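Results of the structural survey
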Amino acid sequence: MSDQALLYLDGVTVSFDGFRALNALSLVIEPGEMRAIIGPNGAGKTTMMDVVTGKTRPQSGEVYFDGKVDLTRLDEAAIAGLGIGRKFQKPTVFESHTVADNLDLALAGGRGPFHAIFGKRNGATQKRIDELLDTIHLAALRDVRAAYLSHGQKQWLEIGMLLAQEPKLLLVDEPAAGMTDAETEATAVLLKRIAHEKSVIVVEHDMAFVRALGVKVTVLHEGAVISEGSIDHVSADPKVIEVYLGR
Amino acid sequence: MILRFLVNGLDRWTIAVLIILLAVAVAVPVLNIAVPPDSTYHVPTYAVSLVGKYLTYALLALSVDLVWGFCGILSLGHGAFFALGGYAMGMYLMRQIGSRGVYGNAELPDFMVFLNWKELPLAWYGFSHFAYAALMVVLVPGLLAFVFGWFAFRSRVTGVYLSIITQAMTYALLLAFFRNDFGFGGNNGLTDFKDILGFNIQADTTRGVLFATSALALALAFLICRGLIASKFGKVLVAVRDAESRTRFLGYRVENYKLVVFVLSAAMAGIAGALYVPQVGIINPSEFAPANSIEAVIWVAVGGRGTLSGAIVGAVLVNFAKTWFTSGALAPYWLFLLGGLFIAVTLLLPRGIVGTLAGFVRERRAIPPAAEAPAPNSRVPAEQRG
């Protein structure tokens, strides 16, 4: 097992009622790496994220974080505490809270109920929230309830919440879904900026977006990796063409 | 620390509610005791007890709103916590009767003598002391809520499944308390109370004090709930209500938050029950009836879910209507009316009375930030969902 790997999956298998969502999947993400994962519907992309974040337990296989922590033994909250953040496919923010409160809830810090009741709030918190608001271009909307944001703004708010957690690894599920071309482009720029400091895994359908990211690509099909390399390399791979780009 | 937490919850609206409750706490007993009966301002004793009862119902409604309105836990078993608190108080009051019972037995309450029991059951030990009984008023419902919540929330039982098992819980207790050999008076429950802390429970002054205590307890509980909701804890609760799995992926142990708020809410319901029993003079197993718990949920829905003050308004209004209807020719139709009210509120006033009023006020002020926001999304904000 690689000692440097930030995330290490080996032989991970998950089946639901006999359907193999993941079939001996193996994947290694290095610290500071940004990786794009593509694949047709049902290829196991979301299930892979569920396994890493503790939502689904694999029937077999190893999942290690930071070289030593066995993720298959932990629940979602513990895994989030280790520094793995997740953005859902459908933007999921707290709609009755303001944009600033959404970020406040996500900020790194104590997570226990008693800390939440009696914990002190300080200026540093406000400053950090302001910085994040600038990063995700929502500073003007800080006191607006998240329910009133547009789809693209919600996607960005959720990315901002991920950053607030100060994770080591971000799992981002279809960040460009439902965005306009301009928003998609801006999102690619934002993710590239984030990848300077953190490892990022991006699951995406939009090939133009993946091309804009310009990173190593892993192609999944029927729960296993069928090709890996640059976008040009995988799009030229006959196996990929057959199952995904095909016809 | 605690003071700061309470002050955080204070806004103009909260202060107004607190002032009203404090004014009621003073005015009603004074108008009953100090004003001569022939004056138009005199409040008759039966009205003091009646409104006092409404106030304890309002405290129960507040506890339901805390878990349902803010954390999305639709408990249809809060009547059980209310009744358990009531029984703890009832047991203390039974022990105060002493040898003044029908059988004149100083050691055993009447129903035990009737059942030919020779000694006091273990569960009754200590209840002759008020402090012990008062502790049990919060401890017993709190402990039941803790054990119940520990298993339910850890197993991630949510939504309608959770509601159903809370119903089962209160129904199981109903059946248990109905049995004579369970040791709490069976079908007849506990009644014929004589005095509380040495004061005659029938006396106008005692009733006045009980009334004021109920109003103060309600005010204090309201202040604590407001403080909780204004704190980060409250924000996490709302986050759990709106997007539970998102909250988990942010690293919050959702089950712990639910457990804390559920236990706290159960203890509040227990206190409500303990204040209810001396004012109505009886506690029997029918308080565990599933319908009672459902009624409490209706009060909250009518007043406005997730508003706290709405729970108080809803409980008082619906119970006032209930008293008015069930004492006239319309009595047989009360349940139809209650059901109709629930449907009407769900369809026409989904945010309840207070929620709708607050909405009007907010619209009139036309919160500037919302106006800046781009075309409001068609999705209904979570607080408006059923």
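Within chain B one finds 16 helices and 4 strands. Here the C-alpha atoms of chain B give a radius of gyration of 22 Å, agreeing with the 21 Å that 2.2 N^0.38 yields for 386 residues. Its C-alpha atoms give chain B principal-axis dimensions of roughly 75 × 55 × 50 Å. Burial status across chain B gives 45% buried among its 386 residues.

Before going further, it helps to spend a moment on the overall build of chain A. From N to C terminus, chain A includes 10 helices and 10 strands. Taken over C-alpha atoms, the radius of gyration comes to 18 Å for chain A, in line with the 18 Å a tight globule of 247 residues would show. Considering only C-alpha atoms, chain A reaches an extent of 55 × 40 × 35 Å along its principal axes. The buried share among the 247 residues of chain A stands at 46%. Within chain A, counting contacts between residues at least 6 apart in sequence, those at least 24 apart form 65% of the total.

On to helix α6 (residues 130–154) of chain B, then. Residue and element names in this part refer to chain B. Over its 25 residues, α6 extends 35 Å from the first C-alpha to the last, a length consistent with the 36 Å expected when each residue adds 1.5 Å. Along α6, the largest kink reaches about 30 degrees and is centred on M136. A133, M136, V137, V138, P141, G142, A145, F148, G149, A152 and F153 are the residues of α6 that are buried. Of the surrounding elements, those touching the buried residues of α6 are α4 (78–97), α7 (159–178) and α11 (254–280). Two residues or fewer past α6, R156 is found with a positive phi of approximately 55 degrees.

What follows concerns the sheet that holds strand β4 (residues 60–65) of chain A. Strand order across the open sheet formed by 4 strands is β2-β1-β4-β5 (chain A), with antiparallel pairing between neighbours. Of all strands in the sheet, those with a lone pairing partner are β2 (19–29) and β5 (69–70) of chain A, marking the two edges.

Looking at the element boundaries, D192 of chain B is found in the loop between β1 (190–191) and β2 (195–196). With 91 residues separating them along the chain, D192 of chain B and G101 of chain B place their C-alpha atoms 8.3 Å apart.

Turning to helix α12 (residues 290–303) of chain B, a few remarks are in order. Residues and elements named next belong to chain B. Its 14 residues place the ends of α12 21 Å apart at the C-alpha level, agreeing with the 20 Å of an ideal helix rising 1.5 Å per residue. Among the residues of α12, those classed as buried are N292, S293, E295, A296, V297, I298, W299, V300, A301, V302 and G303. One or two positions beyond α12, positive phi appears at G304, with a value near 130 degrees.

This part covers the sheet that holds strand β9 (residues 216–221) of chain A. Residues and elements named next belong to chain A. Taken in spatial order, the 6 strands make up an open sheet running β6-β7-β8-β3-β9-β10, and their pairing is mixed. The strands lining the two open edges of the sheet, one partner per strand, are β6 (84–87) and β10 (224–229). Neighbour to neighbour, the strand axes of the sheet diverge by 20 degrees on average, direction disregarded. Relative to strand β7 (residues 169–173), β6 is paired through 4 bridges, and the arrangement is parallel.

Listed as interface residues are 31 residues of chain A and, on the opposing side, 33 residues of chain B. Of all the secondary-structure elements, those providing two or more residues to the side of chain A that touches chain B are α2 (76–82), α3 (99–106) and α4 (113–118) of chain A. Tallied by class, the residues present in the side of chain A that touches chain B amount to 15 nonpolar, 9 polar and 7 charged.

All names here are of chain B. Among the structural elements, V138 can be located in helix α6. Taking the number of C-beta atoms within 10 Å as the measure of exposure, V138 has 22 and is therefore buried. Note: C-alpha distance between V138 and T45 (93 residues apart in sequence) is 29 Å. Among residues more than four places away in sequence, those in contact with V138 are A267, G270 and I271.

With that settled, the discussion passes to the confidence of the model for chain B. Averaged over every residue, the pLDDT of chain B is 91; the share at 70 or more is 94%. Both scores are available for the predicted complex, with the pTM at 0.91 and the ipTM at 0.90.

Before going further, it helps to spend a moment on the confidence of the model for chain A. Mean pLDDT over chain A works out to 89, with 97% of the residues at or above the 70 mark. No element of chain A has a lower mean pLDDT than helix α10 (residues 238–245) of chain A, which averages 80, and none a higher one than α3 of chain A, which averages 95.

Residues and elements named next belong to chain B. A58, L59, A61, L62 and L218 are the most contacted members of the largest nonpolar core, which has 177 residues in total. Considering every element that reaches this core, the biggest residue donor is α11, with 18 residues. Not counting chain neighbours up to four residues away, the residues in contact with L59 comprise A217, L218, A221, M268, I271 and A272.

So, on to the packing of helix α3 (residues 45–71) of chain B against helix α13 (residues 309–326) of chain B. All names here are of chain B. One can describe the packing of α3 onto α13 by two numbers: an axis separation of 8 Å at closest approach and a directional angle of 135 degrees. By the criterion of interaxial angle, the relationship of α3 to α13 is oblique. When the axes of α3 and α13 are compared, the crossing they make is right-handed. Where α3 approaches α13, its residues L50, Y54, Y57, A58, A61, L62, V64 and D65 are matched on the opposing element by A311, I312, G314, A315, V316, N319, F320 and T323. When grouped by side-chain class, the residues that make up the contact of α3 with α13 number 12 nonpolar, 3 polar and 1 charged.

Moving on, we come to the pairing of β7 of chain A. Across a regular strand the side chains alternate sides, sitting on one face of the sheet and then on the other. Residues and elements named next belong to chain A. Counting buried positions over the 5 residues of β7 gives 5, a clear majority of the element. Two strands pair when backbone bridges link them, and β7 and strand β8 (residues 199–203) are joined in this way by 5 bridges, in the parallel orientation. When the sheet's bridge partners are listed, D173 is paired in β8 with V203. Once the chain exits β7 it traverses helix α7 (residues 181–194) before rejoining the sheet at β8, and the crossover so formed is right-handed.

All right, on to the packing of helix α8 (residues 204–230) of chain B against α11 of chain B then. All names here are of chain B. One way to put it is that α8 packs onto α11 with a least axis distance of 10 Å and a crossing angle of 165 degrees. Regarding the angle of α8 to α11, the classification is roughly antiparallel. Here α8 runs over α11; the crossing is left-handed. Contact residues: L210, T213, S214, A217 and A221 in α8; M268, I271, L275, P278 and Q279 in α11. Across the contact of α8 with α11, the residue classes break down as 7 nonpolar, 3 polar and no charged.

A few words on unusual backbone geometry. Despite not being glycine, A24 of chain A has its phi angle at roughly 50 degrees, a positive value. Although it is not a glycine, R156 of chain B sits at a positive phi angle of roughly 55 degrees. Within the fold, R156 of chain B resides in the loop between α6 and α7.

Our next topic: the environment of I33 of chain B. Positionally, I33 of chain B belongs in helix α2 (residues 12–33). Residue contacts for I33 of chain B: discarding those within four places in its chain leaves D204, T205 and G208 of chain B.

Our next topic: the pairing of β9 of chain A. Residues and elements named next belong to chain A. Counting buried positions over the 6 residues of β9 gives 5, a clear majority of the element. The pairing of strand β3 (residues 34–38) with β9 spans 4 bridges and is parallel. From the neighbouring strand, I37 faces β9, where its bridge partner is T218. The turn linking β9 back onto β10 is made up of 2 residues, and E222 within it adopts a positive phi angle of 50 degrees.

Conventions and cut-offs
Residues numbered from 1 in each chain as written. Chains lettered and ligands numbered in written order. Predicted model: local features only at pLDDT ≥ 70, side-chain atom pairs only at ≥ 80, totals over all residues. Helix = DSSP H or I, 4+ residues; strand = E, 2+ residues; numbered from the N terminus. Rg over C-alpha atoms; globule rule 2.2 N^0.38 Å. Buried ≥ 20, exposed ≤ 12 C-beta atoms within 10 Å, placed from the backbone. Contact = placed C-beta atoms within 7 Å. Expected span 1.5 Å × (residues − 1). Bend = angle between axes of the 7 residues up to and from the residue. Pairing = 2+ DSSP bridges. Axes fitted to C-alpha atoms, helices over the stretch in contact; angles between N-to-C directions. Nonpolar A, V, L, I, M, F, W, Y, C, P; charged D, E, K, R; others polar. pLDDT = per-residue confidence, 0-100. Core = buried A, V, L, I, M, F, W, Y, C linked by C-beta atoms within 7 Å. Parallel < 35°, antiparallel > 145°, perpendicular 65-115°, else oblique. Left-handed = near helix turned anticlockwise from the far one by under 90°. Right-handed = clockwise from strand over helix to strand, strands pointing away.

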